[in-house]
Amino acid sequence: QVQLVESGGGLVQPGGSLRLSCAASGIMFSVFAMGWYRQAPGKQRELVARISSTYTTNYADSVKGRFTISRDNAKRTVYLQMDSLTPEDTASYYCNMAEIYWGKGTLVTVSS
């Protein structure tokens, strides 16, 4: 039984930073790729960043150079460091494991 719990969302001003965390339980964490997706109201969910079991990373073009995904297998946690945030980053951010398991999301609002 896999559970993914996101935290770290909130309100931040443009240009600010947030770090999201996703704590996983119920499965052998280190074996699986992890990802962060986001969905703005009325929009499709999109992949933001992904990190494989071998620490290979991929990013959406819109966040390259601003966001960094990382994982700590000992803590069974994946992180998304978000810098230089813009209002276009406003969305609910969802943690994903192996493209089949999902967290409930954490809301990020970028506004002045």
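As shown above, the structure is provided for reference.
Since this is a predicted model, take the numbers as computed values, not measurements. (Residues numbered from 1 in each chain as written. Predicted model: local features only at pLDDT ≥ 70, side-chain atom pairs only at ≥ 80, totals over all residues. Heavy atoms only, no water.)

Peer 1: Account for the overall build of the chain, naming residues and giving values.
Peer 2: Regarding its fold elements, the chain presents zero helices and eleven strands. Shown N-terminal to C-terminal, the secondary structure of the chain runs as helices and strands in the order β-β-β-β-β-β-β-β-β-β-β. Relative to the compact-globule value of 13 Å for 112 residues, the chain shows a C-alpha radius of gyration of 13 Å, a close match. With the C-alpha coordinates of the chain rotated into their principal frame, the extents come out at 40 × 25 × 25 Å. For the chain, with 112 residues in total, the buried portion stands at 39%. (Helix = DSSP H or I, 4+ residues; strand = E, 2+ residues; numbered from the N terminus. Rg over C-alpha atoms; globule rule 2.2 N^0.38 Å. Buried < 20%, exposed > 50% of the residue type's maximum accessible area, 1.4 Å probe, protein only.)

Peer 1: Give a description of the pairing of strand 7 (residues 67–72) that names residues and reports values.
Peer 2: Of the two faces of strand 7, only the one carrying F67, I69 and R71 is buried; T68, S70 and D72 on the other face are not. Where strand 7 folds back on strand 8 (residues 77–82), the antiparallel hairpin that results is connected by four residues, among which R76 adopts a positive phi of roughly 55 degrees. (Pairing = 2+ DSSP bridges.)

Peer 1: Which residues make up empty space enclosed by the protein, and what are the values?
Peer 2: Within this structure, the stated rule accounts for one cavity of 30 Å³ or more. Quantified by volume, the largest cavity comes out at close to 40 Å³. Lining the largest cavity are A33, M34, G35, Y37, L47, R50, N96, A98 and E99. Taken together, the elements giving at least two residues each to the lining of the largest cavity come down to strand 4 (34–39) and strand 5 (46–51). Tallying contributions element by element places strand 4 first for the lining of the largest cavity, with three residues. (1 Å grid on protein atoms, 1.4 Å probe; cavity = no way out; pocket = protein on both sides within 12 Å on 5 of 7 lines; lining within 4 Å. Points joined across faces, edges and corners; volume = space filled by probe spheres on them.)

Peer 1: Mind laying out the state of the cysteines, listing which residues take part and the relevant values?
Peer 2: According to the stated counting rule, one finds one disulfide in the structure shown. Note on cysteine connectivity: C22 is disulfide-linked to C95, with sulfurs 2.0 Å apart. The chirality of the disulfide connecting C22 with C95 is left-handed, given an S-S dihedral of about -80 degrees. Here C22 is found in strand 3 (residues 18–25), whereas its partner C95 is found in strand 9 (residues 91–97), with 73 residues between them in sequence. Overall, C22 belongs to the buried group, its relative accessible area being 0%. (Disulfide = S-S within 2.5 Å.)

Peer 1: Explain the packing of aromatic side chains to me, and be specific about the residues and the numbers.
Peer 2: A complete count under the given rule lists one aromatic pair for this structure. Plain terms: the ring middles of Y37 and W102 are 4.8 Å apart, the flat faces sit at 65 degrees to each other, and that makes the pair edge-to-face. Of this pair, Y37 sits in strand 4 while W102 sits in strand 10 (residues 101–102), and the two are 65 residues apart along the sequence. We note R45 situated over the ring of Y94; from NZ or CZ to the ring centre the distance is 3.8 Å. (Phe/Tyr/Trp six-rings, centres within 6.5 Å; stacked < 30°, edge-to-face > 60°. Lys NZ or Arg CZ within 6 Å of the ring centre and 35° of its normal.)

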